[in-house]
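Here's the letter readout for the chains.
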Amino acid sequence: MQAFLRENTRMGMDISLVQSCMQNKQMLVMTGMPEDELSLYSTSPVITDRNFLRNNAEMTQQRIEEKHYFGECCYYCHKSDVKLMTCIACHMAKYCEKLCQQSDWARHKSTCKVIRQNFTSTIDMTKTTHYAQVKPKTQTKAPDKKKGKRFIVKIQSGKEYERYNPNAQLRIYDETATVSFECVNPSLYHLVVECGKLGAIQISTKKLFCWAHFEGGGCKLVVHLDDLPPYQDW
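What counts and how
Residues numbered from 1 in each chain as written. Predicted model: local features only at pLDDT ≥ 70, side-chain atom pairs only at ≥ 80, totals over all residues. Heavy atoms only, no water. Helix = DSSP H or I, 4+ residues; strand = E, 2+ residues; numbered from the N terminus. Contact = heavy atoms within 4.5 Å. Buried < 20%, exposed > 50% of the residue type's maximum accessible area, 1.4 Å probe, protein only. Pairing = 2+ DSSP bridges. Polar contact = N/O pair within 3.5 Å; in protein donor to acceptor, adjacent residues only side chain to side chain. Expected span 1.5 Å × (residues − 1). Disulfide = S-S within 2.5 Å. Core = buried A, V, L, I, M, F, W, Y, C linked by side-chain atoms within 4.5 Å. Phe/Tyr/Trp six-rings, centres within 6.5 Å; stacked < 30°, edge-to-face > 60°. Lys NZ or Arg CZ within 6 Å of the ring centre and 35° of its normal.

Draft legend 1. How the structure looks around the overall build of the chain. A tally of helices and strands in the chain yields three helices and twelve strands. Contacts in the chain between residues at least 24 apart in sequence constitute 59% of all its contacts with a sequence separation of at least 6.

Next up, the structure:
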């Protein structure tokens, strides 16, 4: 058997095991080959780097879409020469003090709701499965489940040699391995496949680094989709 890989018309890569000597066109169609690829190659099909390895070595992440709703100033009084606090709900709007945030809430709450609905994905931690195969990459402080501060998580798209499957198990963990679990999340899966880079083996799995924070004392993990952190080497 030979491993045959091609880029699919759907998102992600479609991998099928095809006998190198197979002559039956009906069988080829059943394995997922499109009509214009039914003729056999003169040499056995192999995994190539035709285009899916492009820019994979660069230590950067693809920007999903730049958002410029808020500048680097207080969203209420517009002061810019002071230390700013960030709205704990949307992590975008910034204020110089609590009074400004309270005064602006009547206006900001509708925008805050839209940002959370469109640019975050919430994971119910009670419906996840612990993933024990991740070792800590650093001795830094573990994410605080009560304060709601942002930290970076790595999201990996399942196993090698799998077809595009939004219901596949995702692996999500942080640098300290304090957060380490598997879950099903179609929107995150699609994002990783579309914007992520190939994994360490560089065959078919993808990885993406995202900002995240806990809510509900650790019962929910909110993943931010609007702004990607710098590429990580862990």
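From this point on, the discussion continues.
Draft legend 2. Geometry of the pairing of strand β12 (residues 220-224). The buried fraction of β12 amounts to four of the five residues, a majority that puts the element mostly inside the structure. Two strands pair when backbone bridges link them, and strand β5 (residues 120-124) and β12 are joined in this way by five bridges, in the antiparallel orientation. Residue aspartate 124 lies in a different strand from β12, and its bridge partner there is lysine 220. Across four bridges, strand β11 (residues 206-215) lies against β12 in antiparallel orientation.

Draft legend 3. Layout of the side chain of lysine 206. Within the element layout of this structure, lysine 206 appears in strand β11. Polar contacts involving the side chain of lysine 206 include one to the main-chain carbonyl oxygen of valine 193, which spans 2.8 Å. Setting aside residues up to four positions removed in sequence, lysine 206 forms contacts with Ile155, Gln156, Ser157, Val192, Val193, Gly196, Lys197, Leu198 and Gly199.

Draft legend 4. Layout of helix α2 (residues 98-119). Helix length check: α2, at 22 residues, gives a terminal C-alpha distance of 24 Å against a target of 32 Å (1.5 Å per residue), a shortfall beyond 12%. Those residues of α2 hidden inside the fold are in contact with β4 (94-95), β5 and β12.

Draft legend 5. Highlighting unusual backbone geometry. Phi at histidine 78 is positive, roughly 70 degrees, even though this residue is not glycine. The residue histidine 78 is located in the loop between α1 (25-30) and β3 (85-86) in this model. Here histidine 78 falls in the exposed class, since its relative accessible area comes to 55%. Unlike most non-glycine residues, alanine 177 shows phi in positive territory, near 65 degrees.

Draft legend 6. Structural view of the state of the cysteines. Per the counting criterion, the structure on display carries zero disulfides. No disulfide involves cysteine 77; its sulfur sits 3.6 Å from that of cysteine 74, the nearest cysteine. What makes cysteine 77 partly exposed here is its relative accessible area of 31%.

Draft legend 7. Expanded view of the nonpolar core. Judged by nonpolar contacts, the single largest core of 25 residues is most densely connected at Ile123, Ile155, Ile172, Phe181, Leu188, Leu221 and Val223. Here this core gets six residues from one element, more than from any other, and that element is helix α3 (residues 186-195). With residues near it in sequence (within four places) discarded, isoleucine 172 still touches Ile123, Val153, Lys154, Ile155, Val179, Ser180, Phe181, Cys183 and Leu188. Listed in part, the eleven residues of the second largest apolar core include Ala93, Tyr95, Cys96 and Phe119.

Draft legend 8. Looking closely at the packing of aromatic side chains. Applying the stated criterion across every chain, the model contains six aromatic pairs. Taking the centre distance of 5.3 Å and the plane angle of 65 degrees together, the rings of tyrosine 164 and tyrosine 189 count as edge-to-face. In this pair, tyrosine 164 is assigned in the loop between β7 (151-156) and β8 (170-174) and tyrosine 189 in helix α3, connecting sequence segments 25 residues apart. Overall, the relative accessible area of 23% leaves tyrosine 164 in the partly exposed class. Seen from their ring centres, phenylalanine 209 and tyrosine 231 are 5.4 Å apart, and the 80 degrees between their planes marks the pair as edge-to-face. Taken together, the positions of phenylalanine 209 in strand β11 and tyrosine 231 in the segment after β12 put the pair 22 residues apart, joining distant regions of the chain. Like phenylalanine 209, the residue tyrosine 231 is buried in the burial classification. Ring-pair connections join several aromatic residues into one group, and the members of that group are Tyr173, Phe209, Tyr231 and Trp234. One residue, arginine 150, lies across the ring of tryptophan 211, its end atom 4.4 Å from the ring centre.

What is shown is where atoms sit, not what they do.
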